[in-house]
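Spelled out, the chains give:
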Amino acid sequence: MSVLLLGRFPLTALGCAVRRAGRCRDVVPDTWSRRAGRAAPPGPVRGKTGERTLLTWRFPAGVRLQKRTATAQPEPDRGTDRRRLAEQLYENPWTIPNMLSMTRIALSPVLGYLIVVEDFNLALGLFAFAGITDLLDGYIARNWANQKSALGSALDPLADKILISVLYVCLTYANLIPVPLTIMIILRDIVLIAAVFYVRYKTLPPPRTVSRYFNPCYATAHLEPTFISKMNTAVQLILVAASLAAPVFNYVDSIYLQTLWVITAITTGASAYSYYHYGQQTVKVLNKK
């Protein structure tokens, strides 16, 4: 069905106009606009051509009709909305704090190898360098806005957990840290890493593809660790440093080192409970749609 606009009102006609004399009858005309002072023309006439019923209009001479083209309203472009949302979530992953966090991740297997081969002097110095990178990336991210990113909020604690997990396993292999404490720390870190991957999946806007899921340029959530978790990370790192220094300075069986084991176990359990209790408050979703 095609639509013609005559004057200001639409007129509906089926097919093209056909004039068939002797087989037409009058039909009540639709409302239409004409110039003032003109007589109203007769209405449409209907004729049949084959199996199609057609309408045509007959107008007296001198009547001028104004033709107006209808403008269709554009439909909303969902693709444009998705592209705009992707641009809002896009961020530069190559910041100095992120590079420092990646450095700690790269140093983890090197430190583990040095501990296994019992090169504790070099391992202690390399661990001190890793601790300096940890302090630097936090300081830079807090004081320079263009260096702060949602990726860094997840990458920094992830680098710490990878480093701590590797060191605790290797120190346990070297009989410098008890096995139950290492198992407790590893289980907590596995649960937290799994929670991070789950939050990433739930906050990633569709389409959820593997390439977009692992693309570090698309930030979907900002993670803020709890206060007790920050304390626990510091205590765990202190225990690693003390355990690495124990064979160097000959205090492997010290009561102070064993006391530090107990403190680390307590803070690890308290940190796990804090994430269980305040888990939703530690996640800030950047895309709430």
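Analysis parameters
- Residues numbered from 1 in each chain as written.
- Predicted model: local features only at pLDDT ≥ 70, side-chain atom pairs only at ≥ 80, totals over all residues.
- Heavy atoms only, no water.
- Helix = DSSP H or I, 4+ residues; strand = E, 2+ residues; numbered from the N terminus.
- Expected span 1.5 Å × (residues − 1).
- Buried < 20%, exposed > 50% of the residue type's maximum accessible area, 1.4 Å probe, protein only.
- 1 Å grid on protein atoms, 1.4 Å probe; cavity = no way out; pocket = protein on both sides within 12 Å on 5 of 7 lines; lining within 4 Å.
- Points joined across faces, edges and corners; volume = space filled by probe spheres on them.
- Nonpolar A, V, L, I, M, F, W, Y, C, P; charged D, E, K, R; others polar.
- Core = buried A, V, L, I, M, F, W, Y, C linked by side-chain atoms within 4.5 Å.
- Contact = heavy atoms within 4.5 Å.
- UniProt positions renumbered as here; feature names shortened; annotations may be inferred.
- Phe/Tyr/Trp six-rings, centres within 6.5 Å; stacked < 30°, edge-to-face > 60°.
- Axes fitted to C-alpha atoms, helices over the stretch in contact; angles between N-to-C directions.
- Parallel < 35°, antiparallel > 145°, perpendicular 65-115°, else oblique.
- Left-handed = near helix turned anticlockwise from the far one by under 90°.
- Polar contact = N/O pair within 3.5 Å; in protein donor to acceptor, adjacent residues only side chain to side chain.

- You'll find the protein entered in an unreviewed UniProt entry as Cardiolipin synthase (CMP-forming), with Hymenochirus boettgeri given as the organism.

Some points on helix α3 (residues 120-143)
Okay, step 1: Between its first and last C-alpha, α3 extends 35 Å over 24 residues, near the 34 Å set by a 1.5 Å rise per residue.
Okay, step 2: Of all the positions in α3, only Phe-120, Ala-123, Leu-126, Phe-127, Ala-130, Thr-133, Asp-134, Asp-137, Gly-138 and Ile-140 are classed as buried.

Comments concerning the layout of surface pockets
Okay, step 1: Estimated volume of the largest pocket: approximately 1,100 Å³.
Okay, step 2: Sorting the residues of the lining of the largest pocket by element identifies α2 (96-116), α4 (150-173), α5 (179-203), β5 (221-223) and α8 (255-277) as the ones contributing at least two each.
Okay, step 3: Considering every element that reaches the lining of the largest pocket, the biggest residue donor is α5, with nine residues.
Okay, step 4: Tallied by class, residues from the lining of the largest pocket come to 29 nonpolar, six polar and five charged.
Okay, step 5: Approximately 910 Å³ is the volume attributed to the second largest pocket.
Okay, step 6: Forming the walls of the second largest pocket are 36 residues, and the residues nearest its centre are Gly-138, Arg-142, Asp-156, Pro-225 and Lys-230.
Okay, step 7: Those elements that place two or more of their residues in the lining of the second largest pocket are α2, α3, α4, α5, β5 and α7 (227-249).
Okay, step 8: Taken together, the residues of the lining of the second largest pocket break down into 12 nonpolar, 12 polar and 12 charged.

Digging into the nonpolar core
Most often, soluble globular proteins have nonpolar side chains that are buried together.
Okay, step 1: Of all hydrophobic cores here, the largest spans 26 residues; its most connected members are Ile-115, Tyr-168 and Leu-244.
Okay, step 2: For this core, the secondary-structure elements that each account for two or more residues are α2, α3, α4, α5, α7 and α8.
Okay, step 3: With sequence-adjacent residues up to four places away left out, Ile-115 is seen in contact with Phe-120, Ala-123, Leu-167, Cys-170, Leu-171, Ala-174 and Leu-244.

Overview of the UniProt feature "transmembrane region" (unreviewed entry) in the protein
Okay, step 1: When the UniProt feature table is mapped onto this chain numbering, "transmembrane region" (unreviewed entry) sits at residues 110-132, 177-199, 231-249 and 255-276.
Okay, step 2: Counted over residues 110-132, helix gives 87% and strand 0%. Its end C-alpha atoms are 17 Å apart.
Okay, step 3: Note that residues 255-276 is 100% helix and 0% strand, and that its end C-alpha atoms are spaced 32 Å apart.

Here's the deal with the packing of aromatic side chains
Okay, step 1: Inspection of the entire model under this criterion finds three aromatic pairs.
Okay, step 2: Arranged with centres 6.1 Å apart and planes meeting at 70°, the rings of Tyr-139 and Trp-144 form a pair that is edge-to-face.
Okay, step 3: Between Tyr-273 and Tyr-276 the ring centres are 6.4 Å apart and the planes differ by 40°, which places this aromatic pair in the tilted class. Within this pair, Tyr-273 and its partner Tyr-276 are both found in helix α8, separated by three residues, close to a single helical turn.
Okay, step 4: Classification of Tyr-276 by relative accessible area gives exposed; the value is 70%.

Topic: the packing of α7 against α8
Okay, step 1: Relative orientation of the contacting elements α7 and α8 amounts to 155°, with a least axis distance of 9 Å. Taken together, the axes of α7 and α8 lie roughly antiparallel to each other. Between α7 and α8 lies a crossing of left-handed hand. Along the contact surface, α7 presents Ile-228, Ser-229, Asn-232, Val-235, Gln-236, Ile-238, Leu-239, Ala-242, Ser-243 and Ala-246, while α8 presents Leu-257, Leu-260, Trp-261, Ile-263, Thr-264, Thr-267, Thr-268, Ala-270, Ser-271, Ser-274 and Tyr-275.

Remarks on the environment of Thr-103
Okay, step 1: Within the fold, Thr-103 resides in helix α2.
Okay, step 2: Side-chain polar atoms of Thr-103 contact the backbone oxygen of Met-99, separated by 2.8 Å.

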